[in-house]
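Take a look at the letters that make up each chain.
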Amino acid sequence: MTELPARRLLLVHAHPDDESINNGATMAKYAAEGAHVTLVTCTLGEHGEVIPPELAHLTGAALGEYRLRELTAAMGELGVRDFRQLGGAGRYEDSGMMGLADNDDPACFWRADVDEAAARLVEVIREVRPQVLVTYDPDGGYGHPDHIQTHRVAMRAAELAADAGFPVAKIYWNRVPRAVAEDAFARLREELPGLPYDKAAVVDDVPGVVADDRITTVIDGTAYTTAKTAAMRAHATQIDVSGMYFALSNDLAQPVFTTEYYELVRGERSEMGVPPAEGWGRAAVPETDLFAGVAGNGGAA
């Protein structure tokens, strides 16, 4: 029997790079604090659009293999040792953007049987016994078929794991409060002339932007800014980073968020010991720890 750390966090993402953009600071923080952080990536992003011209020849399986190497480097920057591909590397292929012919490929993740894929994730849950699971909302944050399917699989896996006696205490969806996003884009527009991007994205291009009162949990990851931006740079085929801004293949600038935001959708919210959030503009004070209210006992596997 192997003793597990007292705190265990599972993140389920669609492609390599999603984890660093959405949760890089959170992952680095909890890894540094001794929590067991597990990342499950559902595809290798074989149909991602490659940014550097010198790597433009990478497509399909070759791109997937390259992005797995990028993911390995990114996890090194974040201090995360436990990262896996759902069902093994290449088990589920990237589905491409919504509406493309790639969506019809029987091998793509979008076409996967949800219960079958969820059963593979249950295997991970049974092994690492996470108290906290982080994934996307039902729209996948921005409508990508792999993100939507990741949501379905993660939520179904939590149900199946609970039925099998391995419940996850808290489930969160990735979020960004609209007011925070609007402030960040206002600063971006002021600094845009000094950046290597012609235009800024718009607030609604940021996955998971919601009204402020949907936010239940705020993780201050500013101490891990260097780790997050380094992890994002490791995904060089997909992300171009300039200071505290970045762009994807559309070359539209976006802010890097090192305070990361979540909505608790399953489990009991705890506000014990949480300081007031100045200027937050809401009656309820957000949590500042994903594990708030979770019993701090280790387990055995």
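Conventions adopted
- The residue numbering used here restarts from 1 in each chain and proceeds along that chain's sequence as written.
- In keeping with the predicted nature of the model, local features appear solely for residues at pLDDT of at least 70, side-chain atom pairs appear and are counted solely at 80 or more, and the whole-chain, interface and lining totals rest on all residues.
- Hydrogens and waters are ignored; side-chain quantities use all the structure's heavy atoms.
- UniProt positions are given in the numbering used here, feature names are shortened, and annotations may be inferred rather than shown by experiment.
- Numbering goes from the N terminus for both helices and strands, where a helix is a DSSP run of H or I of at least four residues and a strand is a run of E of at least two.
- Buried residues are those whose accessible area, probed at 1.4 Å on protein chains only, stays under 20% of the maximum for their type, while exposed residues exceed 50% and partly exposed ones sit between those limits.
- Contacts are assigned to residue pairs with any non-hydrogen atoms lying within 4.5 Å of each other.
- In this text, buried Ala, Val, Leu, Ile, Met, Phe, Trp, Tyr and Cys residues form a nonpolar core when linked through side-chain atoms within 4.5 Å.
- In this analysis, strands are considered paired if DSSP registers two or more bridges between them.
- By convention a crossover is right-handed if, when the strands point away from the viewer, the path from the first strand over the helix to the second runs clockwise.
- In the cavity and pocket records, a cavity denotes points on a 1 Å grid over the protein atoms alone where a 1.4 Å probe fits but cannot get out, a pocket denotes an open set with protein on both sides within 12 Å along at least 5 of 7 lines, and lining residues are residues with an atom within 4 Å of a point.
- Grid points are joined across faces, edges and corners, and a volume is the space filled by probe spheres set on the points.
- Just so you know the grouping, Ala, Val, Leu, Ile, Met, Phe, Trp, Tyr, Cys and Pro go in nonpolar, Asp, Glu, Lys and Arg go in charged, and all remaining residues, Gly too, go in polar.
- Here, a salt bridge means any side-chain nitrogen of Lys or Arg that lies within 4 Å of a carboxyl oxygen of Asp or Glu.

In the annotation of an unreviewed UniProt entry, the protein chain is listed under the name 1D-myo-inositol 2-acetamido-2-deoxy-alpha-D-glucopyranoside deacetylase and assigned to Streptomyces dysideae. Of the comments in the UniProt record for the protein chain, the one headed Catalytic activity (unreviewed entry) reads "1D-myo-inositol 2-acetamido-2-deoxy-alpha-D-glucopyranoside + H2O = 1D-myo-inositol 2-amino-2-deoxy-alpha-D-glucopyranoside + acetate".

Undergrad: Provide a residue-level description of unusual backbone geometry, including the pertinent values.
TA: For Asp17, which is not a glycine, the phi torsion comes out positive at approximately 105°. Of note, Asp17 is situated in the loop between strand S1 (8-13) and helix H1 (18-32). The backbone phi angle of Arg129 is positive, close to 50°, even though this residue is not glycine. One can find Arg129 in the loop between helix H3 (114-128) and strand S4 (132-135).

Undergrad: Got a sec to walk through the environment of Met244? Specific residues and values, please.
TA: As for its placement among the helices and strands, Met244 is situated in the loop between strand S9 (240-242) and strand S10 (245-247). By relative accessible area, which is 33% here, Met244 ends up partly exposed. Met244 sits 11 residues away from Pro255 along the chain, and the two C-alpha atoms are 6.1 Å apart. Other than its neighbours up to four places away in sequence, Met244 contacts Thr225, Thr229, Gln254, Pro255, Val256 and Thr258.

Undergrad: Just give me the short version of the environment of Gly165, but keep the residues and values in it.
TA: With respect to the helices and strands, Gly165 occurs in the loop between helix H4 (145-163) and strand S5 (170-177). Put simply, Gly165 and Arg126 are 39 residues apart on the chain and 8.9 Å apart in space, counted from C-alpha to C-alpha.

Undergrad: Pulling in residues and values, what's your account of the nonpolar core?
TA: If you look at the biggest cluster of nonpolar residues, it comprises 26 residues, and the most contacted ones within it are Leu10, Leu86, Phe109, Leu121, Ile125 and Val153. Looking at this core, the elements with two or more residues in it are S1, H3, H4 and S5. With 7 residues, H3 is the single largest residue contributor to this core. With sequence-adjacent residues up to four places away left out, Leu121 is seen in contact with Leu10, Val12, Val40, Leu86, Val153, Ala154 and Ala157. Val37, Leu39, Leu71 and Ala227 belong to the second-largest nonpolar core, a separate cluster that totals 25 residues.

Undergrad: Go over the pairing of strand S2 (residues 36-41) with me, naming the residues and quoting the values.
TA: Where burial is concerned, most of S2 is hidden: 5 out of the 6 residues are buried. The sheet contact formed by S1 and S2 spans 6 bridges and is parallel. In the sheet register, His13 faces S2, and the bridge partner there is Thr41. Following the chain from S1 across H1 to the adjacent parallel S2, one finds a crossover that is right-handed. In the sheet, S2 pairs with strand S3 (residues 82-85) via 4 bridges, with the strands oriented parallel.

Undergrad: Explain empty space enclosed by the protein to me, and be specific about the residues and the numbers.
TA: Throughout the structure, instances matching the rule amount to 1 cavity of 30 Å³ or more. Quantified by volume, the largest cavity comes out at close to 40 Å³. Looking at the lining of the largest cavity residue by residue, the classes come out as 2 nonpolar, 4 polar and 1 charged.

Undergrad: Got a sec to walk through the pattern of salt bridges? Specific residues and values, please.
TA: Enumeration according to the criterion identifies 16 salt bridges in this entry. Among the ionic pairs, Arg156 bridges to Glu159, the shortest N-O distance being 3.0 Å. Within this pair, Arg156 and its partner Glu159 are both found in helix H4, separated by 3 residues, close to a single helical turn. Judged by its relative accessible area of 25%, Arg156 falls in the partly exposed class. Overlapping salt bridges bring together Asp115, Arg156, Glu159 and Arg266 as one network.

Undergrad: Go over the layout of surface pockets, please, and point to the residues and values.
TA: Roughly 910 Å³ of internal volume is contained in the largest pocket. As for the largest pocket, its lining consists of 41 residues, of which Asp17, Asp18, Ile21, Tyr142 and Leu248 are closest to the centre. Elements that contribute at least two residues to the lining of the largest pocket include exactly H1, S5, strand S11 (252-255) and strand S12 (259-266). Of the residues that constitute the lining of the largest pocket, the class distribution is 17 nonpolar, 15 polar and 9 charged. Computed from the structure, the second largest pocket encloses a volume of approximately 180 Å³. As for the second largest pocket, its lining consists of Val180, Ala184, Arg187, Met244, Tyr245, Pro255, Val256, Phe257, Thr258, Thr259 and Tyr261. Of all elements in the fold, only helix H5 (178-191) and S12 reach the threshold of two or more residues within the lining of the second largest pocket. Classifying every residue of the lining of the second largest pocket gives 8 nonpolar, 2 polar and 1 charged.

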